[in-house]
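Per-entry structural report
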Amino acid sequence: MTEEALLSFLEAGRWAASAYNSQTWRFVYALRGGPDGGPDGGAAWERFVSYLVPFNQSWAGSASALVFVLSATTMVPPGKTDPVPAPTHAFDAGAAAAQIMLQATASGWAAHAMSGIDHDAIRAGLGVPQDHAIHAAIAIGRQAPPDTLPEGLRARENPSDRLPLSQIAFAGRFGGVRS
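Residues numbered from 1 in each chain as written. Predicted model: local features only at pLDDT ≥ 70, side-chain atom pairs only at ≥ 80, totals over all residues. Heavy atoms only, no water.

An unreviewed UniProt entry lists the protein under the name Nitroreductase family protein, with Nguyenibacter vanlangensis as the source organism. Per UniProt, the comment on the protein under Sequence similarities (unreviewed entry) is "Belongs to the nitroreductase family." (UniProt positions renumbered as here; feature names shortened; annotations may be inferred.)

As structure tokens, this is what we get:
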């Protein structure tokens, strides 16, 4: 993957809706192989992979790009000069991440978000300020045949079950019954 291709996916995230157009999200990325992996080339990739829990390292280390999704927990509202808490920062960052993954998928790539990350290592290793939340990582790459995965992951290459809509969508009141 070229940096230009990855930046086109991040550009889609940049255009996500956000409260007061505050755009609290931030993306920190590395590309696998070559100088585009960051200022220290391939070493950046290895460092990024090390920030994933071992289970995710076992498969995401073969991706083409890793993107960490962060967000500022404060914002400066329109017409103001002082920052205030940004109560929707996580929601807005999630919307931006979804846009990134949709654009990657529409461009023929596979994108997979992960919560299995080492927040402390990311904060220290990437210099994330304390007023920023660390949410997730996104692995982006070409879908490989299941037989290239570690043995224990091959059987999981099917869509995961989802709760029925009746358990997550309610009319008029939380927990209400849809007719």
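Don't stop here, the text continues.
Looking at where Asp-82 falls in the secondary structure, it is placed in the loop between strand S3 (74-75) and strand S4 (84-85). With a relative accessible area of 54%, Asp-82 lands in the exposed category. Separated by 53 residues in the primary sequence, Asp-82 and Tyr-29 place their C-alpha atoms 29 Å from one another. (Helix = DSSP H or I, 4+ residues; strand = E, 2+ residues; numbered from the N terminus. Buried < 20%, exposed > 50% of the residue type's maximum accessible area, 1.4 Å probe, protein only.)

Soluble globular proteins tend to pack their nonpolar side chains together in the buried interior. Residues Leu-52, Leu-66, Phe-68, Met-114 and Ile-122 are the most contacted members of the largest nonpolar core, which totals 22 residues. When residues no more than four places from it in sequence are discounted, the contact partners of Leu-66 are Val-28, Tyr-29, Ala-30, Trp-45, Phe-48, Val-49, Leu-52, Ala-60, Met-114, Ile-138 and Ala-139. (Core = buried A, V, L, I, M, F, W, Y, C linked by side-chain atoms within 4.5 Å. Contact = heavy atoms within 4.5 Å.)

A few words on unusual backbone geometry. Positive phi, normally seen in glycine, also occurs at Tyr-20, with a value near 55 degrees. Here Tyr-20 shows up in the loop between helix H1 (3-14) and strand S1 (25-31). Here the phi dihedral of Gln-23 falls at roughly 45 degrees; this positive angle occurs in a residue that is not glycine. Note that Gln-23 resides in the loop between H1 and S1. Gln-23 sits in the partly exposed class, given a relative accessible area of 27%.

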